[in-house]
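# Working through the structure, step by step
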Amino acid sequence: MSNAAALKQVYTLAIIKPDILIKKKQSVDTILQSIGERFTIHNDIKPINLSVTQAEQFYNDHRGKFFFERLVCFMTRGPIVPLILTEKNNDKNTITSWREFIGPTHAENARKIECLRGKYGSSDTWNGFHGSGSNDEATQEINFFFPTFLNDTTVDHFK
C-alpha cells in the first residue's frame, strides 16, 4: 500500500458476539467469509473470553443505562472474536460501511433488511455483532483489545 493510501486508511473494531459462537457456531466460517469479501481483517482470528471487569471497562460508556448489566452478563457468557477491519473499497468509510453491513441494533428492524444482524441476531442484546460508532470509539476499542496495533506512528489511522 502506498503512503497516500495508508494515510486514508480507517480502521474499525468489529466483534462477533457470544450468541454466534455459542448458538450458531456452525455459521462462523460463513460469517467470516462474508466479512472477508468486503473487509480486510488485520488481526489473527481467535476467540477470547472477557472477564466481568473487562466487559464493564469496554462498555463503560453504557454504565447506568438499563441494559448495562444485561450486556455485561451476555458478553461474558462465552467467547467473542474481536476483529480489526478496513473496507476494501477505499471510497467507503470503514466504520459506516461495517455498521451498515451488520445492520440496526434492534432485531425487529434488522430483519427488515439484508444484514448480518437480520440473518443471525435474535434480540436487541443477542444481536450477534458489535461495531465502533466513530473514529474516537474505534481508536479506544482497538486499543482495548490490541494495544500495540495503532502504535505505528508512520500512519495516521484515523485521518
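Owing to the predicted nature of the structure, the values given are computational and were not obtained by experimental measurement.

Attention now moves to the layout of surface pockets. In this structure, the largest pocket encloses a volume near 620 Å³. Of all the secondary structure elements, the ones that give two or more residues to the lining of the largest pocket are helix 4 (52–58), helix 5 (68–75), helix 6 (94–102), strand 4 (129–131) and helix 9 (135–145). Element by element, the count of residues in the lining of the largest pocket is highest for helix 9, at four residues. For the lining of the largest pocket, the per-class residue count stands at nine nonpolar, 10 polar and eight charged.

To continue, consider the nonpolar core. Leu13, Ile15, Met75, Ile142 and Phe145 are the most contacted members of the largest nonpolar core, which has 20 residues in total. Of the residues forming this core, the biggest block, five residues, is contributed by helix 5. The next biggest cluster of nonpolar side chains, apart from the first, holds 18 residues, and it includes Ala14, Val81, Leu85 and Leu116.

On to the pairing of strand 3 (residues 81–87). Of all the seven residues making up strand 3, seven are buried; the element is thus mostly covered by neighbouring parts of the structure. The two faces of strand 3 match: Val81, Leu83, Leu85 and Glu87 on one face and Pro82, Ile84 and Thr86 on the other face are all buried. As defined by bridge partners, strand 1 (residues 12–16) adjoins strand 3 across five bridges and the pair is classed as antiparallel. Considered in strand 3, the bridge of Ala14 is made with Leu83. Relative to strand 3, strand 2 (residues 39–41) is paired through three bridges, and the arrangement is antiparallel.

Here the UniProt feature "binding site: ATP" (unreviewed entry) sits at Lys17, Phe67, Arg99, Thr105, Arg117 and Asn127. In this structure, the largest pocket is lined, among the annotated residues mentioned, by Lys17, Phe67, Arg99, Thr105, Arg117 and Asn127. The topology assignment puts Thr105 in the loop between helix 6 and helix 7 (107–110). With relative accessibility at 38%, the residue Thr105 sits in the partly exposed group. Residues contacting Thr105, with those up to four places away along its chain left out, are Arg117, Ser123, Asp124 and Asn127. For Arg117, the position within the fold is in helix 8 (residues 116–120). A relative accessible area of 8% means that Arg117 is categorised as buried. With sequence-adjacent residues up to four places away left out, Arg117 is seen in contact with Ile102, Gly103, Pro104, Thr105, Ala110, Asn127, Phe129 and His130. Among the polar contacts made by the side chain of Arg117, one reaches the side chain of Thr105 at a distance of 3.5 Å.

Okay, helix 9 next. Within helix 9 the residues assigned to the buried category are Ala138, Glu141, Ile142 and Phe145. In a view along the axis of helix 9, the buried residues occupy a sector of 100 degrees, so they form one face of it. Away from the buried face of helix 9 by more than 90 degrees, exposed residues Asp136 and Gln140 are located. Contact partners of the buried residues in helix 9: strand 1, helix 4, strand 3, helix 6 and strand 4.

Reading the values: the criteria
Residues numbered from 1 in each chain as written. Predicted model: local features only at pLDDT ≥ 70, side-chain atom pairs only at ≥ 80, totals over all residues. Heavy atoms only, no water. 1 Å grid on protein atoms, 1.4 Å probe; cavity = no way out; pocket = protein on both sides within 12 Å on 5 of 7 lines; lining within 4 Å. Points joined across faces, edges and corners; volume = space filled by probe spheres on them. Helix = DSSP H or I, 4+ residues; strand = E, 2+ residues; numbered from the N terminus. Nonpolar A, V, L, I, M, F, W, Y, C, P; charged D, E, K, R; others polar. Core = buried A, V, L, I, M, F, W, Y, C linked by side-chain atoms within 4.5 Å. Buried < 20%, exposed > 50% of the residue type's maximum accessible area, 1.4 Å probe, protein only. Pairing = 2+ DSSP bridges. UniProt positions renumbered as here; feature names shortened; annotations may be inferred. Contact = heavy atoms within 4.5 Å. Polar contact = N/O pair within 3.5 Å; in protein donor to acceptor, adjacent residues only side chain to side chain. Arc of directions from axis to C-beta.

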